[in-house]
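Next come the chains, spelled out residue by residue.
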Amino acid sequence: MIKKLSRKYLGEIVVLHQEAIYPIWDKLNCGLSNKEVKDFVLDVFLNGDVYGFFINNNLVATIGFELFNHGNKCEISFILVKKEFQRKGIGKQLIDYVKEKFHKKSNIIFLEVLKENPAVNFYKKLGFNIIQEKNNKYLMEKRLK
Ligand SMILES: CC(C)(COP(=O)(O)OP(=O)(O)OC[C@H]1O[C@@H](n2cnc3c(N)ncnc32)[C@H](O)[C@@H]1OP(=O)(O)O)[C@@H](O)C(=O)NCCC(=O)NCCS
């Protein structure tokens, strides 16, 4: 079940970052500190929306996004699925949810991803294209209309 999250989930979302993305950051020698992650997620709560995927009332995945250009463009700020729940279609369901929610308003969904993050293949599979390279990151986007 997907539902909108309130700020009371901030701590759990930081833990999801630690479990799902810190190992990748460690491997690639980059990333944010706990404090920076907390501030970043808070910023998404303030300026965008955060949704969670629940199984048996447990938060197992989350997606945060912000709208720009009067809602024409939607940026995925983070998407994280707990390790043991990855490759079960949950990430795709979260992206589809955002797409469904905004396809009438937004033309483009975009995001930044580390070039060496395996998630690049996930985004490609879902129809995102690399439109720009920025140092160690790709800017990827998917046109909805
Ligand atoms: C990236 C992430 C969100 C994908 O979520 P997920 O629930 O595991 O992905 P799905 O099961 O919905 O995958 C859909 C399709 O994408 C592709 N895919 C997903 N993860 C992949 C990977 N690591 N490598 C290659 N292809 C991948 C697969 O083709 C998959 O279909 P299949 O399982 O039938 O082969 C998840 O792996 C994750 O949380 N990763 C760690 C955090 C992270 O890197 N987030 C992105 C930061 S930009």
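Thresholds applied
Residues numbered from 1 in each chain as written. Predicted model: local features only at pLDDT ≥ 70, side-chain atom pairs only at ≥ 80, totals over all residues. pLDDT = per-residue confidence, 0-100. Helix = DSSP H or I, 4+ residues; strand = E, 2+ residues; numbered from the N terminus. Buried ≥ 20, exposed ≤ 12 C-beta atoms within 10 Å, placed from the backbone. Pairing = 2+ DSSP bridges. Right-handed = clockwise from strand over helix to strand, strands pointing away.

**Observations regarding the confidence of the model for the protein**
Piece 1. Averaged over every residue, the pLDDT of the protein is 94; residues scoring 70 or more account for 100%.
Piece 2. For the protein, per-element mean pLDDT is lowest for helix α2 (residues 22-28), which scores 91, and highest for helix α5 (residues 119-125), which scores 98.

**Some remarks on unusual backbone geometry**
Piece 1. Non-glycine residue Asn56 carries a positive phi angle of around 50°.
Piece 2. Take Asn56: it is sitting in the loop between β2 (48-55) and β3 (58-68).
Piece 3. Here Asn56 falls in the exposed class, since 6 other C-beta atoms lie within 10 Å of it.
Piece 4. Positive phi, close to 50°, is recorded for Asn135, a residue that is not glycine.
Piece 5. Tracing the sequence through the fold places Asn135 in the loop between β6 (129-134) and β7 (137-143).

**Considerations on the pairing of strand β4 (residues 73-81)**
Piece 1. Summarising the sheet, β3 and β4 pair through eight bridges and their orientation is antiparallel. What sits directly across from Phe68, in β4, is Lys73.
Piece 2. What sits between the antiparallel neighbours β3 and β4 is a turn of four residues, in which Asn69 has the positive phi angle 50°.
Piece 3. Here β4 runs beside strand β5 (residues 108-114); their pairing, made up of three bridges, is parallel. Residue Lys73 lies in a different strand from β5, and its bridge partner there is Ile108.
Piece 4. Taken together, β4, helix α4 (residues 90-102) and β5 constitute a β-α-β crossover, and its handedness is right-handed.

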